[in-house]
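# Architecture and fold: a report
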Amino acid sequence: MRTVRFTAAGGTEATLGPRRRVRAPRGRVVLSASAVVAAVLASIPLVYLVVRVAQAESAVIVDALWNVRIATLMVNTLGLVLAVSAASLVVGVATAWLLVRTDLPGRRAWLVVSSLPLAVPSYVAAFGWIATTDVRGFWGAFLVLTLSNVPLVTLPTVAALRLSHAASEDVARTLGRTRWQAFIEVTWPQIRPATFAGVLLVALYVLSDFGAVALMRYQAFTWAIQVAYESLFDRTLAAAMSVVLAVMGIVLVAAERRVRGDQARLGSMVAARTAPVPVPLGRWRWLAHGGLALGALLSLGVPLGALTRFLFLRADTSTAVRADALAADALSTVGLAVTGALVALALALPIGILAARFRSRLASVTEAASYLGLALPGIVVGLSLVFFALSVAPMLYQSIWMLAFAYGVLFLPKAVGAVRSSIAQVEPGVEDVARTLGSTPARVWTRVTARIAWPGIGAGVLLVALTAMKELPATLLLRPTGTETLATSLWRLTSGTAYAAAAPYALALIAVAAVPALLLTREVAGGKRHPEETL
Amino acid sequence: MTRPRLAALATATLAALTLSACASAQDDTTTTPAGNASAAAASDNSFTLYSGRDQELIEPLIEQFESATGVNVDVRYAGTTELAALLQEEGDATPADVFLAQDAGALGAIAKADMFATLPQNITTAVPAGFTSTDGSWVGVTGRARVIVYDSEQLSADEVPTTVAALTGDQWSSQVGIAPTNASFQSFVTALRVLEGEDAARTWLEEMRAKDAQIYAKNTPILEAVNAGEIKLGLINHYYWYRMAAEVGADNMRARLAFPEPGDAGSIVNVTGAGLLKGAAQDADALAFIEYLVSDAAQQYFVDTTYEYPLIDGVAAPDGLPALKTLTNPELDLSDLDTLGQTTELLVEVGLL
């Protein structure tokens, strides 16, 4: 932690120093120009959506947006967002407290178990629930999304609790506060930024979730956009609704950035760490075990159980899976995701380098543009790029390039994060030494900076690819004709209730999603990474 | 100094992208060049099909066609209504050469948008009038009757309503399954609008909603729910029952079919059909496929595999079905079902979509 901060500070100082200023100004111009181009490209989905809506007659837009249905959708979506966020907040903080502050036996194992739901994409979990139970609608969507999202609150809260100053709570207790009062008055303010950042990510996830709400047939914005787009009367309605959803997403991301800033400031204030005395649970520990086990049963047991059951059931019927089809889908999934990850990398390099090495207004603006990928739901990006390709770039329509570009935009924040942190880790002093030894700036870059930063960037690209493999809504809209991915095949099979055939696809997707989830949870729980990277 | 680095980087990225593009293009022979179907020669041994019919049903037939002709078919599978909407959004830029739809209304909507080329007479005359377009813009492929499916353990055959109007009765409250997103249900609603008028259709939908009609994604789950006794009645197409009967045995099924009285919107016979997009007017492969769909081989495939009504002479309907002629409604022209847009709008307004 300390080394990173030191390096970052060194970097800032160095950019101000005279030595830096003579360092290849032409290179910096090219870098800035590339970053601007990347930022412009990343803004295409949002900009073109607005263009498309602006082209329609204003009366149509007003009709489309100013009616009872939009109000209903708004209430439905916001209701779901609030309910899931609140439930995740309560369950997540309670879980984190049990895992950090108590003497619960097997806390390490429970931490792993309670982060595992991140490995189950929400629409796969929803599939497990609809295939085995009657739960549908609001409660179905609420249940599935809460179960899959609680770790987004648990993990950062665990990290914050570990860093928090437990001694102050003891002081509060000696001053007569109850354990609950002491927690609320002393500890809660310390963990609040981390917890809230997690909760906002949950809200963002619920807002943009498409697969789970559609499978649960809950009338949320994303599903309504898809229905409007699929209906014959007017795609302008779909576009107008997408703009509303995009605005909601941008507001949430802006809020999340703010809270995260607070978190960073607070984190630096934490001075001393004493190992807190764990709260003895006594007989309550059975209740704690029971609660955690129930959570694991609902979030992991139900979907995995359903999938395994269907895997061995009715294997001889007409809906049985064809191994060659599964293999072909897996192959195209990997091909598309890798292409998308490389597009994300190409866009992320200039933005990330600029952000890591040359803090400026331009760097902030281009970095902010990259966060659009986090704010725009997949369905919005997909829809906008359909419109964009048809009217501006028909050659790219339904080509893998347009889909790869959509992945690039959607997962740009991850890629920029990887590039920025990897470059920032390279101490400028090392570069300076290479320069004094006679290397040209270009050589310093290839021999020193790139070489040190590359493993981190490569890992980031891998994570982007793994995340892109489970993307559903944009893939549905943009996939080349004849190409199916694991996610789109699962989608097709579940909407035809071919559950037995869908099960292998769902399991394959869990395998894909498990890798980044498991790789990152340790670091998120240790406070070394932000939970958004596990999304 | 930095330029070579960036250039090298760009080249490397591009190379990697191209490589992965090749890899993914190879595995399923995709990446259709957009919008050049008309520029293609008469036959390039490949065409693009937008299929509103399920992959599981149509893929074996496409494979038969591919091995018989050596033509490669790129298929985009999605809902019929969704593909009709997509075709309208794409307009002239559409990469599709053939549109195979499970609903006459969607075909009519594309014909009305003037996106279909006129089919040659030898194709259109193979199918009797009433089951195909009136102007040769598309051709009917199979017939499918709308039916009421009922749970025979809770209801006797004479208790089953004979009109859809009777479904709004109190005794059927929360006992009727419908699938508003399904193209066949939507074309039934269009028929209701055409036959009974807009207001009657809206009233019926609102009453169904008020009586808590159960919403399903597709026909199959409705049939499964009736067969499990979860609901008493459902509105589906006839062949779903036959398909399930073939899998589990007709004797093992609680669900039974009732054909609503002739003339009722609930008893319409809709068709699946295919049309040739204008850009593919000169595409011999696409045309050969449409011709194949109304050939003996393909029609027999539909009879044997999907239990639909064949539409050409010389191929017999599946056993146990009432004759197609007894179900035909002379009052209804299938071409009038092309106002799908108003139907989806109505469904949204009453809150069913």
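Note that the structure is a prediction, hence the values are computed from the model and not measured.

### Notes on the overall build of chain A
Each helix and strand in chain A was counted, giving 25 helices and zero strands. Restricting the contact set of chain A to residue pairs at least 6 apart, pairs at least 24 apart contribute 83%.

### Re the pairing of strand S5 (residues 138-151) of chain B
All names here are of chain B. For S5, a buried count of 14 out of 14 residues is recorded, marking the element as mostly surrounded by other parts of the structure. Note: S5 against strand S10 (residues 269-277), seven bridges, orientation antiparallel. Paired with Ala-145 across the two strands is Val-269, which belongs to S10. In this structure, S5 lies alongside strand S11 (residues 309-310), joined through two bridges in antiparallel fashion. Within S11, the residue paired with Gly-143 across the bridge is Tyr-309. With five bridges connecting them, S5 and strand S8 (residues 233-237) associate as antiparallel partners. Looking at the pairing, Val-147 lines up with Ile-236 of S8.

### Overview of the packing of helix H8 (residues 219-227) of chain B against helix H9 (residues 238-248) of chain B
All names here are of chain B. The contact between H8 and H9 brings their axes to 10 Å, and the two run at 60°. Between H8 and H9 lies a crossing whose hand is right-handed. On H9, the residues that touch Asn-219, Thr-220 and Leu-223 of H8 are Tyr-240, Trp-241 and Met-244. Grouping the amino acids of the contact of H8 with H9 by side-chain chemistry returns four nonpolar, two polar and no charged.

### Examining the domain arrangement of chain A
The parts lose accessible area when they come together, and the size of an interface is often stated as this lost area. Residue and element names in this part refer to chain A. You can read the domains of chain A as domain 1 (1-48 + 320-497) and domain 2 (56-271 + 507-535). On a C-alpha basis, the centroid separation for the pair domain 1 and domain 2 is 24 Å. The interface is formed by 27 residues belonging to domain 1 together with 30 residues belonging to domain 2. Where the side of domain 1 that touches domain 2 is concerned, the elements lending two or more residues are helix H17 (372-375), helix H18 (378-391), helix H20 (412-424), helix H22 (441-468) and helix H24 (486-495). Of the residues forming the side of domain 1 that touches domain 2, the biggest block, six residues, is contributed by H18. Residue composition of the side of domain 1 that touches domain 2, by class: 20 nonpolar, five polar and two charged.

### Re the domain arrangement of chain B
Residue and element names in this part refer to chain B. Domain assignment breaks chain B into domain 1 (46-143 + 269-323) and domain 2 (146-268 + 342-349). Of note, the centres of domain 1 and domain 2, computed from C-alpha atoms alone, are 26 Å apart. Taken together, the contact between domain 1 and domain 2 spans 17 residues of the former and twelve residues of the latter. Broken down by secondary-structure element, the contributors of at least two residues to the side of domain 1 that touches domain 2 are helix H3 (80-90), helix H4 (104-112) and S10. Take the side of domain 1 that touches domain 2: its biggest share by element is three residues, from H4. Of the residues in the side of domain 1 that touches domain 2, the class split is seven nonpolar, eight polar and two charged.

### Brief notes about the environment of Phe-310 of chain A
All names here are of chain A. As for its position among the elements, Phe-310 is in helix H14 (residues 284-312). Assessed through the 24 C-beta atoms surrounding it within 10 Å, Phe-310 is described here as buried. Linking Phe-310 and Ala-506, residues 196 residues apart in sequence, is a C-alpha distance of 11 Å. Beyond its immediate stretch of four places on either side in the chain, Phe-310 contacts Ala-131, Tyr-499, Ala-500 and Ala-503.

### Points about helix H6 (residues 183-196) of chain B
Residues and elements named next belong to chain B. Look at H6: 20 Å from first C-alpha to last across 14 residues, which is about the 20 Å you get at 1.5 Å a residue. Counting buried positions along H6 yields twelve of 14 residues, so the element is predominantly enclosed. Directly after H6, the chain includes Gly-197, whose backbone phi takes a positive value near 100°.

Thresholds applied
- Residues numbered from 1 in each chain as written.
- Chains lettered and ligands numbered in written order.
- Predicted model: local features only at pLDDT ≥ 70, side-chain atom pairs only at ≥ 80, totals over all residues.
- Helix = DSSP H or I, 4+ residues; strand = E, 2+ residues; numbered from the N terminus.
- Contact = placed C-beta atoms within 7 Å.
- Buried ≥ 20, exposed ≤ 12 C-beta atoms within 10 Å, placed from the backbone.
- Pairing = 2+ DSSP bridges.
- Axes fitted to C-alpha atoms, helices over the stretch in contact; angles between N-to-C directions.
- Left-handed = near helix turned anticlockwise from the far one by under 90°.
- Nonpolar A, V, L, I, M, F, W, Y, C, P; charged D, E, K, R; others polar.
- Domains from an automatic or database assignment.
- Expected span 1.5 Å × (residues − 1).

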